[in-house]
Amino acid sequence: MRKYQQLVLLLISCLSVGILLMYKTENNRLKYVLKYVNFFGRNDAAVLRRLENGTKEDAPQAVLWRPLPVWQMIGDSFHAYSAYWMRNELVAGGEAHVLVVGKKGAVVDFRCSLNLLSGRSVQGKFRFQRDSIESLVDDKSSNFTSYHFFCQVSRDFGQPGSVSFTDITTTKSPVKLRLRNLKPTDKKSNSNVPAAPSRLPATVCVDLVGFNMTSKFARTENALLQFFLFHQAIGIENFLVYNYDELPEEVIHLLDRTNINLYGLPFNFPFRQTNGTLSRIRQLIHTDCLLRNVNHASFTLLLRPNELFFPNSRFSVDQAKGSVQQQLRHFSSETTRFELATMSVCFDERKKLLPDNVQYDPERRSPYKTLLNRLELPPAQLLASTTEVELSLSTGFVHRYVDCEHVGSDGLHDWRNAVREDFMEHINVLRNEVDLLI
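Cut-offs and rules
Residues numbered from 1 in each chain as written. Predicted model: local features only at pLDDT ≥ 70, side-chain atom pairs only at ≥ 80, totals over all residues. Heavy atoms only, no water. Helix = DSSP H or I, 4+ residues; strand = E, 2+ residues; numbered from the N terminus. Buried < 20%, exposed > 50% of the residue type's maximum accessible area, 1.4 Å probe, protein only. Lys, Arg positive; Asp, Glu negative; His and termini not counted. Salt bridge = Lys/Arg side-chain N within 4 Å of Asp/Glu carboxyl O. Polar contact = N/O pair within 3.5 Å; in protein donor to acceptor, adjacent residues only side chain to side chain. Axes fitted to C-alpha atoms, helices over the stretch in contact; angles between N-to-C directions. Parallel < 35°, antiparallel > 145°, perpendicular 65-115°, else oblique. Left-handed = near helix turned anticlockwise from the far one by under 90°. Contact = heavy atoms within 4.5 Å. Pairing = 2+ DSSP bridges. Right-handed = clockwise from strand over helix to strand, strands pointing away. Disulfide = S-S within 2.5 Å. Core = buried A, V, L, I, M, F, W, Y, C linked by side-chain atoms within 4.5 Å.

Chemist: What's the story with the side chain of arginine 180 in this structure? I'm lost.
Modeler: Tracing the backbone through its elements, the reader meets arginine 180 in strand 9 (residues 180-182). One buried charged side chain, arginine 180, makes no salt bridge at all; its nearest oppositely charged neighbour is aspartate 288, positioned 7.5 Å away. Reaching out from arginine 180, the side chain makes a polar contact with the backbone oxygen of arginine 292 at a distance of 2.9 Å.

Chemist: When you look at the packing of helix 3 (residues 221-233) against helix 8 (residues 421-437) in this model, what are you seeing that I'm missing?
Modeler: Each pair of packed helices can be summarised by the angle the axes make with each other and by the distance between the axes. Interhelical geometry of helix 3 versus helix 8 gives an angle of 130 degrees and a closest axis separation of 10 Å. Considering their axes alone, helix 3 and helix 8 lie oblique with respect to each other. Between helix 3 and helix 8 the crossing geometry is right-handed. For the pair formed by helix 3 and helix 8, the contact residues are Gln226, Leu229, Phe230 and Ala233 on the first element and Leu430, Arg431, Glu433, Val434 and Leu437 on the second.

Chemist: How should I be thinking about the pairing of strand 12 (residues 261-265) in this particular structure?
Modeler: Every regular strand shows the same layout, with side chains that alternate between the two sheet faces. The alternating pattern of strand 12 places Asn261, Tyr263 and Leu265 on a buried face and Leu262 and Gly264 on a face that is not buried. Here strand 11 (residues 238-242) runs beside strand 12; their pairing, made up of five bridges, is parallel. Across the sheet, residue valine 241 finds its bridge partner in strand 12, namely glycine 264. Note that the unit made of strand 11, helix 4 (residues 249-255) and strand 12 has a crossover that is right-handed.

Chemist: Would you mind going over the pattern of salt bridges with me for this structure?
Modeler: Oppositely charged side chains may form a pair once their charged atoms are brought near each other. Applying the stated criterion across every chain yields a total of 16 salt bridges. Notably, a salt bridge pairs aspartate 207 with arginine 304, separated by 3.3 Å at the nearest N-O pair. Highlighted residues: aspartate 207 in strand 10 (residues 202-207) and arginine 304 in the loop between strand 13 (299-303) and strand 14 (307-311), separated in sequence by 97 residues. Like arginine 304, aspartate 207 is buried. Note that aspartate 288 and arginine 292 form a salt bridge whose closest N and O atoms lie 3.0 Å from each other. In this pair, aspartate 288 and arginine 292 are both assigned in helix 5 (residues 278-293), four residues apart and thus about one turn of the helix distant.

Chemist: Mind showing me how you'd approach the state of the cysteines here?
Modeler: Note on terminology: disulfide describes a covalent bond linking the sulfur atoms of two cysteines. If you walk through the whole model with that rule in mind, you get three disulfides. The partner cysteine of cysteine 205 in its disulfide is cysteine 289, sulfur to sulfur 2.1 Å. The chirality of the disulfide connecting cysteine 205 with cysteine 289 is right-handed, given an S-S dihedral of about 90 degrees. Taken as a pair, cysteine 205 in strand 10 and cysteine 289 in helix 5 lie far apart in primary sequence, 84 residues in all. Judged by its relative accessible area of 1%, cysteine 289 falls in the buried class. Taken in sequence order, the bonded cysteines of the protein chain link in the pattern 1-2, 3-4, 5-6.

Chemist: Would you mind showing me how to read the nonpolar core here?
Modeler: Soluble globular proteins: nonpolar side chains tend toward being buried together. Counting 55 residues, the largest nonpolar core has Phe228, Phe239, Phe309, Phe315, Leu372 and Trp415 as its most contacted members. Per-element accounting of this core gives the leading share, eight residues, to helix 3. Discounting chain neighbours no more than four positions away, the residues touching tryptophan 415 are Met343, Pro355, Asn357, Val358, Gln359, Tyr360, Phe397, His399, Met424 and Ile427. Residues Ala83, Ala96, Val100 and Val163 belong to the second largest nonpolar core, which totals 25 residues.

Below, the structure is given as structure tokens:
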């Protein structure tokens with residue numbers, strides 16, 4: 001009998017040791033998960049909100065793509081992309097602002113009218129101006145010129161739904177363009193004091209027109225996916241994608257499982273595109289991006305998919321202390337453009353996450369400036385503003401991922417050496433959040 005009792009005690013001891021080992025193993029696994037996902041802190045909310053939850057949140061910004069822009073002929077030599085209605089703030093009337101390209105050397109001679117929502121048509125005063133970039137870029141191989149067409153009225157007739165242009169040189173019938181209504185801002189543009197904080201989100205406009213879709217980066221779907229996930233991690237969920245059809249279907253499918261909102265915009269450009277014309281096309285997209293986000297975003301920036309924006313904090317709709325918006329409040333409201341330093345980082349498709357690419361070429365310069373745009377001024381002043389501030393590396397910067405022939409050569413530097421320790425910790429937090437989603 002005593003032998004049986006000892007055997008039972010031995011079995012119970014072995015079972016207890018087994019349960020203890022199982023508990024220890026599960027406890028270690030739980031600690032590993034909690035290292036990245038704190039169920040009692042912010043990281044949990046930041047990550048889990050971006051995981052698939054079966055239903056997508058209602059998108060209040062769904063009007064960002066309406067009316068859908070498309071290049072359409074408004075005369076034998078001219079094409080219009082998008083049209084905006086801007087009512088005057090201090091006096092009666094307003095004007096339609098239309099983004100146009102025309103054949104080089106073509107005569108600009110149009111009549112215009114505004115078609116009111118009430119059904120009435122009102123004759124307007126036509127004027128035009130060449131885009132400012134035309135005086136900066138001398139591209140003899142180009143066969144087009146960028147314009148801004150305007151149709152003005154000096155009285156308040158009501159809100160127009162569309163604008164019509166008639167090319168007098170061809171005497172053809174008028175061509176109607178739907179208008180996107182830009183509401184006047186309540187901010188005082190003549191004050192040196194920054195306007196009251198906006199409760200609007202930030203957006204990113206994605207340039208797939210000038211992006212090389214045959215590059216190593218473009219062929220890596222995981223890298224394209226990370227472009228959206230990293231910007232979502234800093235607080236951006238609305239993306240306006242120009243030339244949307246170029247985005248791979250698999251990337252779109254994966255993003256559909258998140259709370260990211262993609263707004264696809266076509267870009268059927270009517271003229272031949274060359275390396276020399278890319279800067280002018282980018283300027284046109286930038287202008288449309290600014291106007292399209294008026295009334296719907298506090299900040300916006302135009303990026304290609306191989307460019308990641310790393311601010312030292314997140315964007316916050318409620319202007320939380322330390323947020324990007326709050327940090328830039330001390331700049332005058334007249335300052336609408338913040339230039340971001342850009343590093344050409346060598347891309348290695350074997351790296352799982354983009355920040356793991358640490359070498360950059362200091363001699364390789366970006367062909368254009370990357371600007372963070374603040375949308376506080378009225379639209380006309382926003383486009384005319386030339387006030388620009390260069391932000392320090394401690395505030396934010398952009399990584400532009402490029403193909404490098406000799407990774408590891410003496411001419412390459414480690415970008416982490418130029419980043420403060422607390423900033424680097426912030427980037428690592430973003431990295432770990434995206435790592436859980438890949």
